[in-house]
Amino acid sequence: MSTSLHVALVYNVKHEETPVASATEAPSTAPRTNNSVAVDAARAALTRDDTYAEWDTEETILAVKSALEQRHRVSLVEADRNAFNVLASLQPDIVFNIAEGLRGPSREAQIPAVLEMLGLPYTGSDPLTLGICLDKSRAKEILAYHGVATPAFHVVESVSDLVGLDLPLPAIVKPLHEGSSKGIMNSSVVRTPQEMEAEVRRVTERYHEPALIEQFLTGREFTVALIGNGDDVRVLPIVEIKFDDLPAGANPIWSFEAKWMWDTLDKPLDVHECPAQLTPELEHKIAELCKRSYRLLRCRDWCRIDVRFDAAGEPHLIELNPLPGILPNPDDHSCFPQAARAAGIDYDRMINMVLDAALVRIGRRNSLPT
Ligand SMILES: Nc1ncnc2c1ncn2[C@@H]1O[C@H](COP(=O)(O)OP(=O)(O)OP(=O)(O)O)[C@@H](O)[C@H]1O
Ligand SMILES: [Mg+2]
(Lines give C-alpha, C1' and ligand atoms only; values in the text may rest on other atoms or scores of the structure.)
(Ligands and ions follow the chains in the order given, each with its own letter.)
Protein backbone atom coordinates (compact mmCIF):
# COMPACT_ATOMS: atom_id res chain seq x y z
CA MET A 1 0.00 0.00 0.00
CA SER A 2 1.11 3.55 -0.63
CA THR A 3 1.23 5.81 2.38
CA SER A 4 -0.55 9.12 2.60
CA LEU A 5 0.82 11.56 0.06
CA HIS A 6 0.66 15.25 -0.62
CA VAL A 7 -1.49 15.56 -3.75
CA ALA A 8 -1.97 18.85 -5.61
CA LEU A 9 -5.32 19.01 -7.41
CA VAL A 10 -4.86 21.29 -10.43
CA TYR A 11 -8.02 22.64 -12.09
CA ASN A 12 -9.65 25.43 -14.06
CA VAL A 13 -12.85 26.63 -12.47
CA LYS A 14 -15.77 27.79 -14.60
CA HIS A 15 -16.33 31.54 -14.82
CA GLU A 16 -19.35 33.00 -13.01
CA GLU A 17 -18.69 30.47 -10.26
CA THR A 18 -17.36 31.39 -6.85
CA PRO A 19 -13.61 30.89 -7.12
CA VAL A 20 -12.39 27.86 -5.23
CA ALA A 21 -9.98 28.88 -2.43
CA SER A 22 -6.37 29.07 -3.61
CA ALA A 23 -3.74 26.57 -2.52
CA THR A 24 -2.45 28.71 0.30
CA GLU A 25 -5.81 29.50 1.83
CA ALA A 26 -7.62 26.22 1.14
CA PRO A 27 -9.24 24.69 4.21
CA SER A 28 -8.18 21.06 4.43
CA THR A 29 -11.78 19.88 4.72
CA ALA A 30 -13.72 22.08 2.32
CA PRO A 31 -17.43 21.24 2.35
CA ARG A 32 -18.71 19.19 -0.55
CA THR A 33 -21.46 21.08 -2.32
CA ASN A 34 -24.23 19.46 -4.27
CA ASN A 35 -26.22 22.50 -5.10
CA SER A 36 -28.63 22.13 -7.99
CA VAL A 37 -29.29 25.87 -8.02
CA ALA A 38 -25.59 26.50 -8.66
CA VAL A 39 -25.52 23.76 -11.30
CA ASP A 40 -28.51 25.23 -13.12
CA ALA A 41 -26.97 28.72 -12.89
CA ALA A 42 -23.78 27.36 -14.43
CA ARG A 43 -25.79 25.76 -17.24
CA ALA A 44 -27.68 28.98 -17.88
CA ALA A 45 -24.40 30.90 -18.00
CA LEU A 46 -23.04 28.36 -20.48
CA THR A 47 -25.86 28.87 -22.90
CA ARG A 48 -25.05 32.59 -22.93
CA ASP A 49 -21.32 32.04 -23.43
CA ASP A 50 -19.70 28.66 -24.11
CA THR A 51 -16.10 29.93 -23.84
CA TYR A 52 -15.42 27.94 -20.67
CA ALA A 53 -17.75 25.01 -21.34
CA GLU A 54 -14.96 22.52 -20.62
CA TRP A 55 -13.89 24.01 -17.31
CA ASP A 56 -15.02 22.42 -14.08
CA THR A 57 -17.57 23.70 -11.59
CA GLU A 58 -16.68 24.23 -7.97
CA GLU A 59 -18.89 21.23 -7.20
CA THR A 60 -16.69 18.94 -9.30
CA ILE A 61 -13.43 20.32 -7.97
CA LEU A 62 -14.52 19.91 -4.35
CA ALA A 63 -15.85 16.40 -5.03
CA VAL A 64 -12.47 15.32 -6.45
CA LYS A 65 -10.69 16.97 -3.51
CA SER A 66 -12.91 15.21 -1.02
CA ALA A 67 -12.30 11.85 -2.75
CA LEU A 68 -8.53 12.29 -2.65
CA GLU A 69 -8.67 13.44 0.98
CA GLN A 70 -9.89 10.02 2.03
CA ARG A 71 -6.26 8.94 1.89
CA HIS A 72 -4.09 11.94 1.15
CA ARG A 73 -3.39 15.56 1.99
CA VAL A 74 -4.67 17.74 -0.82
CA SER A 75 -3.74 21.24 -1.97
CA LEU A 76 -5.89 23.05 -4.51
CA VAL A 77 -4.04 24.81 -7.30
CA GLU A 78 -5.82 26.88 -9.92
CA ALA A 79 -4.26 26.39 -13.36
CA ASP A 80 -3.67 30.06 -14.00
CA ARG A 81 -0.51 32.02 -14.77
CA ASN A 82 0.68 31.58 -11.17
CA ALA A 83 0.44 27.80 -11.31
CA PHE A 84 4.11 27.30 -12.16
CA ASN A 85 5.31 29.17 -9.06
CA VAL A 86 2.66 27.69 -6.78
CA LEU A 87 3.54 24.15 -7.86
CA ALA A 88 7.26 24.82 -7.65
CA SER A 89 6.92 25.92 -4.03
CA LEU A 90 4.35 23.27 -3.01
CA GLN A 91 6.46 20.37 -4.34
CA PRO A 92 3.61 17.83 -4.03
CA ASP A 93 4.32 14.10 -4.30
CA ILE A 94 1.97 13.93 -7.26
CA VAL A 95 -0.48 16.17 -9.10
CA PHE A 96 -4.04 15.10 -9.86
CA ASN A 97 -4.58 16.94 -13.11
CA ILE A 98 -8.04 17.96 -14.28
CA ALA A 99 -6.96 21.31 -15.74
CA GLU A 100 -8.38 22.06 -19.17
CA GLY A 101 -5.84 24.84 -19.74
CA LEU A 102 -6.22 28.50 -20.49
CA ARG A 103 -6.48 28.85 -24.26
CA GLY A 104 -5.44 27.56 -27.65
CA PRO A 105 -5.42 24.16 -29.34
CA SER A 106 -2.70 22.91 -26.96
CA ARG A 107 -4.39 24.20 -23.81
CA GLU A 108 -4.79 20.78 -22.18
CA ALA A 109 -1.06 20.25 -22.58
CA GLN A 110 -0.14 23.42 -20.67
CA ILE A 111 -0.19 22.08 -17.09
CA PRO A 112 1.38 18.71 -17.99
CA ALA A 113 4.19 20.60 -19.79
CA VAL A 114 4.75 22.78 -16.70
CA LEU A 115 4.80 19.64 -14.54
CA GLU A 116 7.31 17.94 -16.83
CA MET A 117 9.49 21.03 -16.55
CA LEU A 118 9.25 20.95 -12.75
CA GLY A 119 9.85 17.19 -12.65
CA LEU A 120 6.56 16.58 -10.81
CA PRO A 121 4.63 13.37 -11.51
CA TYR A 122 0.97 13.72 -12.44
CA THR A 123 -2.13 11.75 -13.33
CA GLY A 124 -3.25 11.34 -16.91
CA SER A 125 -1.74 11.69 -20.32
CA ASP A 126 1.35 13.66 -21.27
CA PRO A 127 1.32 16.96 -23.19
CA LEU A 128 1.82 15.24 -26.53
CA THR A 129 -1.20 12.95 -26.20
CA LEU A 130 -3.40 15.72 -24.78
CA GLY A 131 -2.42 18.04 -27.63
CA ILE A 132 -3.01 15.42 -30.30
CA CYS A 133 -6.39 14.35 -28.95
CA LEU A 134 -7.57 17.96 -28.80
CA ASP A 135 -6.84 18.25 -32.52
CA LYS A 136 -9.40 15.73 -33.69
CA SER A 137 -7.86 15.52 -37.18
CA ARG A 138 -4.36 14.69 -35.86
CA ALA A 139 -5.79 11.95 -33.64
CA LYS A 140 -7.79 10.56 -36.58
CA GLU A 141 -4.74 10.60 -38.83
CA ILE A 142 -2.87 8.41 -36.36
CA LEU A 143 -5.82 6.06 -35.98
CA ALA A 144 -6.33 5.83 -39.75
CA TYR A 145 -2.62 5.12 -40.30
CA HIS A 146 -2.98 2.12 -38.01
CA GLY A 147 -6.15 0.92 -39.73
CA VAL A 148 -8.58 1.91 -36.97
CA ALA A 149 -12.02 2.74 -38.39
CA THR A 150 -12.81 6.44 -38.01
CA PRO A 151 -15.23 8.50 -40.15
CA ALA A 152 -13.77 9.96 -43.37
CA PHE A 153 -12.89 13.61 -42.81
CA HIS A 154 -11.60 16.83 -44.25
CA VAL A 155 -10.30 19.97 -42.51
CA VAL A 156 -11.08 23.44 -43.89
CA GLU A 157 -9.86 26.77 -42.57
CA SER A 158 -12.61 28.88 -44.14
CA VAL A 159 -15.51 28.64 -46.58
CA SER A 160 -13.16 29.44 -49.46
CA ASP A 161 -11.49 26.05 -48.87
CA LEU A 162 -14.79 24.43 -49.88
CA VAL A 163 -14.49 25.62 -53.48
CA GLY A 164 -14.01 22.64 -55.78
CA LEU A 165 -14.47 20.12 -52.97
CA ASP A 166 -17.14 17.49 -53.43
CA LEU A 167 -17.56 16.06 -49.94
CA PRO A 168 -20.03 13.26 -49.32
CA LEU A 169 -23.29 14.14 -47.55
CA PRO A 170 -24.70 13.92 -44.96
CA ALA A 171 -21.78 15.23 -42.95
CA ILE A 172 -21.19 16.78 -39.55
CA VAL A 173 -19.23 20.02 -39.18
CA LYS A 174 -17.34 20.43 -35.89
CA PRO A 175 -14.77 22.84 -34.49
CA LEU A 176 -11.36 21.15 -34.73
CA HIS A 177 -10.17 21.85 -31.18
CA GLU A 178 -13.14 21.77 -28.82
CA GLY A 179 -14.82 19.43 -26.33
CA SER A 180 -17.99 19.27 -24.25
CA SER A 181 -19.96 19.55 -27.54
CA LYS A 182 -18.85 23.18 -27.77
CA GLY A 183 -19.78 24.44 -31.23
CA ILE A 184 -21.66 21.23 -32.08
CA MET A 185 -25.24 22.34 -32.55
CA ASN A 186 -28.29 20.60 -33.94
CA SER A 187 -27.52 22.43 -37.21
CA SER A 188 -24.05 20.82 -37.39
CA VAL A 189 -25.47 17.87 -39.32
CA VAL A 190 -25.54 19.05 -42.94
CA ARG A 191 -27.37 17.52 -45.87
CA THR A 192 -26.76 20.07 -48.64
CA PRO A 193 -23.71 22.06 -49.84
CA GLN A 194 -25.48 25.25 -48.68
CA GLU A 195 -25.91 23.90 -45.15
CA MET A 196 -22.27 22.80 -45.14
CA GLU A 197 -21.13 26.26 -46.13
CA ALA A 198 -23.27 27.88 -43.43
CA GLU A 199 -21.88 25.59 -40.75
CA VAL A 200 -18.28 26.01 -41.86
CA ARG A 201 -18.84 29.76 -41.72
CA ARG A 202 -20.37 29.55 -38.25
CA VAL A 203 -17.57 27.37 -36.84
CA THR A 204 -14.62 29.19 -38.40
CA GLU A 205 -15.93 32.69 -37.67
CA ARG A 206 -17.30 32.00 -34.19
CA TYR A 207 -14.39 29.94 -32.89
CA HIS A 208 -11.54 31.28 -35.05
CA GLU A 209 -10.35 27.77 -35.75
CA PRO A 210 -10.59 25.26 -38.61
CA ALA A 211 -13.69 23.14 -39.13
CA LEU A 212 -13.59 19.36 -39.25
CA ILE A 213 -16.06 17.99 -41.77
CA GLU A 214 -16.79 14.34 -41.06
CA GLN A 215 -18.86 11.63 -42.65
CA PHE A 216 -22.06 11.49 -40.57
CA LEU A 217 -22.56 8.08 -38.99
CA THR A 218 -26.18 7.14 -38.42
CA GLY A 219 -25.84 4.09 -36.15
CA ARG A 220 -25.87 3.64 -32.37
CA GLU A 221 -23.49 5.73 -30.29
CA PHE A 222 -21.44 4.66 -27.28
CA THR A 223 -18.90 6.12 -24.94
CA VAL A 224 -16.36 4.02 -23.14
CA ALA A 225 -14.46 4.79 -19.93
CA LEU A 226 -11.03 3.22 -19.46
CA ILE A 227 -8.75 3.25 -16.41
CA GLY A 228 -5.21 1.91 -16.09
CA ASN A 229 -2.10 1.27 -18.14
CA GLY A 230 -0.46 -1.46 -20.18
CA ASP A 231 -2.01 -4.88 -19.62
CA ASP A 232 -4.01 -3.50 -16.67
CA VAL A 233 -6.27 -1.22 -18.69
CA ARG A 234 -9.80 -1.77 -17.42
CA VAL A 235 -12.79 -1.06 -19.65
CA LEU A 236 -15.77 0.05 -17.54
CA PRO A 237 -19.34 -0.85 -18.57
CA ILE A 238 -20.13 0.72 -21.95
CA VAL A 239 -22.56 3.67 -21.99
CA GLU A 240 -24.99 4.00 -24.89
CA ILE A 241 -26.08 7.50 -25.89
CA LYS A 242 -29.79 7.39 -26.74
CA PHE A 243 -31.48 9.92 -28.97
CA ASP A 244 -35.15 8.85 -28.61
CA ASP A 245 -35.84 11.46 -25.93
CA LEU A 246 -34.54 14.43 -27.95
CA PRO A 247 -37.16 16.95 -29.11
CA ALA A 248 -39.08 15.86 -32.23
CA GLY A 249 -37.13 16.64 -35.40
CA ALA A 250 -33.78 17.03 -33.63
CA ASN A 251 -30.79 15.40 -35.29
CA PRO A 252 -29.55 12.24 -33.54
CA ILE A 253 -26.40 13.76 -32.05
CA TRP A 254 -25.25 14.70 -28.59
CA SER A 255 -25.21 18.40 -29.45
CA PHE A 256 -24.51 21.38 -27.24
CA GLU A 257 -28.26 21.95 -27.02
CA ALA A 258 -28.86 18.32 -26.01
CA LYS A 259 -26.06 18.29 -23.43
CA TRP A 260 -26.50 21.66 -21.80
CA MET A 261 -29.93 23.05 -22.67
CA TRP A 262 -32.42 20.24 -23.28
CA ASP A 263 -31.11 17.91 -20.55
CA THR A 264 -31.71 19.83 -17.30
CA LEU A 265 -31.93 18.73 -13.68
CA ASP A 266 -35.61 19.74 -13.68
CA LYS A 267 -36.47 17.91 -16.90
CA PRO A 268 -33.81 15.27 -17.39
CA LEU A 269 -33.57 13.54 -20.76
CA ASP A 270 -33.30 9.79 -20.87
CA VAL A 271 -29.98 9.94 -22.71
CA HIS A 272 -27.79 7.17 -21.37
CA GLU A 273 -28.10 3.48 -20.93
CA CYS A 274 -25.40 1.75 -18.94
CA PRO A 275 -24.46 -1.00 -19.36
CA ALA A 276 -25.40 -0.72 -23.02
CA GLN A 277 -27.43 -3.62 -24.36
CA LEU A 278 -24.97 -5.35 -26.65
CA THR A 279 -24.22 -8.89 -27.71
CA PRO A 280 -21.00 -10.19 -26.11
CA GLU A 281 -19.40 -10.07 -29.58
CA LEU A 282 -20.22 -6.38 -30.14
CA GLU A 283 -19.22 -5.49 -26.60
CA HIS A 284 -15.88 -7.20 -27.16
CA LYS A 285 -15.43 -5.46 -30.50
CA ILE A 286 -16.06 -2.00 -29.02
CA ALA A 287 -13.83 -2.67 -26.01
CA GLU A 288 -10.98 -3.89 -28.24
CA LEU A 289 -11.35 -0.87 -30.56
CA CYS A 290 -11.11 1.45 -27.56
CA LYS A 291 -8.18 -0.36 -25.92
CA ARG A 292 -6.28 -0.34 -29.19
CA SER A 293 -6.93 3.37 -29.76
CA TYR A 294 -5.95 4.14 -26.14
CA ARG A 295 -2.64 2.35 -26.74
CA LEU A 296 -2.04 3.95 -30.14
CA LEU A 297 -2.56 7.47 -28.77
CA ARG A 298 -0.43 6.55 -25.72
CA CYS A 299 -3.13 7.52 -23.25
CA ARG A 300 -2.27 7.11 -19.58
CA ASP A 301 -4.31 6.32 -16.46
CA TRP A 302 -7.74 7.19 -17.86
CA CYS A 303 -9.68 8.27 -20.91
CA ARG A 304 -13.23 8.33 -22.26
CA ILE A 305 -13.60 7.27 -25.86
CA ASP A 306 -16.56 7.98 -28.17
CA VAL A 307 -17.63 5.32 -30.69
CA ARG A 308 -20.44 5.27 -33.23
CA PHE A 309 -21.73 2.58 -35.56
CA ASP A 310 -22.10 3.23 -39.27
CA ALA A 311 -25.28 2.19 -41.07
CA ALA A 312 -23.93 -1.34 -41.36
CA GLY A 313 -23.32 -1.60 -37.61
CA GLU A 314 -19.52 -1.34 -37.82
CA PRO A 315 -17.99 0.62 -34.90
CA HIS A 316 -15.93 3.73 -35.70
CA LEU A 317 -13.76 5.76 -33.38
CA ILE A 318 -15.12 9.34 -33.08
CA GLU A 319 -12.71 10.88 -30.56
CA LEU A 320 -10.68 10.34 -27.40
CA ASN A 321 -11.08 12.42 -24.24
CA PRO A 322 -7.94 11.91 -22.14
CA LEU A 323 -9.28 14.48 -19.63
CA PRO A 324 -12.83 13.16 -19.28
CA GLY A 325 -15.68 15.12 -17.71
CA ILE A 326 -16.44 13.89 -14.18
CA LEU A 327 -19.51 15.68 -12.83
CA PRO A 328 -20.21 14.15 -9.41
CA ASN A 329 -23.99 14.59 -9.31
CA PRO A 330 -25.54 11.42 -10.85
CA ASP A 331 -28.42 13.58 -12.18
CA ASP A 332 -25.92 15.37 -14.41
CA HIS A 333 -25.51 12.34 -16.70
CA SER A 334 -21.73 12.47 -16.73
CA CYS A 335 -20.59 9.35 -18.57
CA PHE A 336 -17.33 8.45 -16.81
CA PRO A 337 -18.83 8.43 -13.28
CA GLN A 338 -21.92 6.69 -14.66
CA ALA A 339 -19.83 3.88 -16.15
CA ALA A 340 -17.97 3.56 -12.85
CA ARG A 341 -21.23 3.37 -10.89
CA ALA A 342 -22.44 0.59 -13.20
CA ALA A 343 -19.31 -1.34 -12.23
CA GLY A 344 -20.08 -0.78 -8.53
CA ILE A 345 -17.37 1.89 -8.23
CA ASP A 346 -18.50 5.05 -6.46
CA TYR A 347 -17.14 8.49 -7.26
CA ASP A 348 -14.52 8.54 -4.53
CA ARG A 349 -13.17 5.14 -5.47
CA MET A 350 -13.12 6.06 -9.15
CA ILE A 351 -10.95 9.12 -8.46
CA ASN A 352 -8.61 7.07 -6.27
CA MET A 353 -8.36 4.36 -8.94
CA VAL A 354 -7.06 6.97 -11.38
CA LEU A 355 -4.57 8.21 -8.81
CA ASP A 356 -3.48 4.64 -8.06
CA ALA A 357 -3.04 3.89 -11.77
CA ALA A 358 -0.65 6.85 -11.93
CA LEU A 359 1.15 5.77 -8.75
CA VAL A 360 1.68 2.26 -10.14
CA ARG A 361 2.92 3.74 -13.42
CA ILE A 362 5.52 5.90 -11.66
CA GLY A 363 6.54 3.11 -9.29
CA ARG A 364 5.05 4.55 -6.08
CA ARG A 365 2.69 1.59 -5.71
CA ASN A 366 3.18 -2.07 -6.52
CA SER A 367 -0.23 -2.90 -7.85
CA LEU A 368 -3.76 -1.65 -8.28
CA PRO A 369 -6.28 -2.53 -5.57
CA THR A 370 -8.96 -4.92 -6.78
N1 LIG B 1 -18.92 11.58 -37.46
C2 LIG B 1 -20.00 11.62 -36.67
N3 LIG B 1 -21.12 10.92 -37.02
C4 LIG B 1 -22.23 10.96 -36.26
N5 LIG B 1 -22.33 11.67 -35.13
C6 LIG B 1 -21.25 12.39 -34.74
C7 LIG B 1 -20.03 12.38 -35.48
N8 LIG B 1 -19.15 13.17 -34.84
C9 LIG B 1 -19.79 13.65 -33.76
N10 LIG B 1 -21.05 13.18 -33.69
C11 LIG B 1 -22.07 13.51 -32.67
O12 LIG B 1 -21.72 14.76 -32.06
C13 LIG B 1 -21.43 14.55 -30.68
C14 LIG B 1 -20.28 15.43 -30.25
O15 LIG B 1 -19.16 15.14 -31.06
P16 LIG B 1 -17.69 14.99 -30.45
O17 LIG B 1 -17.68 13.87 -29.50
O18 LIG B 1 -16.72 14.96 -31.57
O19 LIG B 1 -17.61 16.39 -29.70
P20 LIG B 1 -16.93 16.83 -28.33
O21 LIG B 1 -17.35 18.23 -28.11
O22 LIG B 1 -15.49 16.56 -28.38
O23 LIG B 1 -17.61 15.87 -27.28
P24 LIG B 1 -17.21 15.59 -25.75
O25 LIG B 1 -18.33 16.18 -24.96
O26 LIG B 1 -17.22 14.10 -25.73
O27 LIG B 1 -15.90 16.20 -25.47
C28 LIG B 1 -21.16 13.07 -30.55
O29 LIG B 1 -21.42 12.63 -29.24
C30 LIG B 1 -22.12 12.49 -31.59
O31 LIG B 1 -23.44 12.42 -31.09
MG1 LIG C 1 -17.33 13.47 -27.64
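Scroll up to find the structure this text is about.
This text gives an overview of the structure that appears in the document. As the structure is a computational prediction, the values presented were derived from the model and not from experiment.

Criteria and cut-off values
- Residues numbered from 1 in each chain as written.
- Chains lettered and ligands numbered in written order.
- Predicted model: local features only at pLDDT ≥ 70, side-chain atom pairs only at ≥ 80, totals over all residues.
- Helix = DSSP H or I, 4+ residues; strand = E, 2+ residues; numbered from the N terminus.
- Buried ≥ 20, exposed ≤ 12 C-beta atoms within 10 Å, placed from the backbone.
- Contact = placed C-beta atoms within 7 Å.
- Pairing = 2+ DSSP bridges.
- Axes fitted to C-alpha atoms, helices over the stretch in contact; angles between N-to-C directions.
- Near = placed C-beta within 6 Å.
- Nonpolar A, V, L, I, M, F, W, Y, C, P; charged D, E, K, R; others polar.
- Domains from an automatic or database assignment.
- Parallel < 35°, antiparallel > 145°, perpendicular 65-115°, else oblique.
- Left-handed = near helix turned anticlockwise from the far one by under 90°.

## Observations regarding the overall build of the protein
Check the secondary structure of the protein and you find eleven helices and 13 strands. For the protein, the proportion of its 370 residues judged to be buried stands at 46%.

## Focus on unusual backbone geometry
Put simply, L169 and P170 share a cis peptide bond, and its omega is 0°. Topologically, P170 is positioned in the loop between β4 (153-156) and β5 (171-175). Cis peptide bonds are those with omega within 30 degrees of zero, and the linkage from C274 to P275 qualifies with -5°. Along the chain, the position of P275 falls in the loop between β11 (272-273) and α9 (280-296). The phi dihedral of S181 is positive, around 60°, even though this residue is not glycine.

## Focus on helix α4 (residues 110-118)
Inspection of α4 places Q110, I111, P112, V114 and L115 among the buried residues, and these make up the whole buried set. Of the surrounding elements, those touching the buried residues of α4 are β1 (6-11), α3 (83-90), β3 (94-97) and α5 (127-134). Two residues or fewer after α4 comes G119, characterised by a positive phi angle close to 70°.

## Some points on the sheet that holds β5
Taken in spatial order, the four strands of this open sheet run β4-β7-β5-β6, and their pairing is antiparallel. Single-partner strands in this sheet number two, and they are β4 and β6 (189-190). As judged from the two bridges shared by β5 and β6, these two strands associate in the antiparallel manner. Across the sheet, the residue bridging to A171 is V190, located in β6. Packed on one face of the sheet, helix α7 (residues 193-207) meets β4, β5, β6 and β7 (211-215) and runs near 10° to β5.

## So, the site of ligand 1
Neighbouring ligand 1 are 21 residues, the closest being G179, E214, L217, I253 and W254. Secondary structure elements with two or more residues in the shell around ligand 1: β5, β7, β12 (302-309) and β13 (315-321). In terms of residues, the shell around ligand 1 owes the most to one element, β13, which gives three residues. When grouped by side-chain class, the residues that make up the shell around ligand 1 number eight nonpolar, five polar and eight charged. Structurally, the shell around ligand 1 is a two-domain feature, drawing no fewer than three residues from each of domain 2 (152-215) and domain 3 (221-361).

## With respect to the packing of helix α2 (residues 58-68) against helix α11 (residues 347-361)
With their axes 8 Å apart at the nearest point, α2 and α11 run at an angle of 75° to one another. Regarding the angle of α2 to α11, the classification is roughly perpendicular. For the pair α2 and α11, contact is made by A63, V64, A67 and L68 and by Y347, D348, I351, N352 and L355, respectively. Of the residues belonging to the contact of α2 with α11, the class tally is seven nonpolar, one polar and one charged.

## What about the packing of α3 against α4?
Taken N-terminus to C-terminus, the directions of α3 and α4 make an angle of 40°; their axes are 10 Å apart at the nearest point. Taken together, the axes of α3 and α4 are oblique relative to one another. Crossing angle aside, the handedness with which α3 passes α4 is right-handed. Of α4, the residues touching α3 (which contributes A83, F84, L87 and A88) are I111, V114 and L118. Taken together, the residues of the contact of α3 with α4 sort by class into seven nonpolar, no polar and no charged.

By themselves, these figures tell us nothing about what the structure is for.
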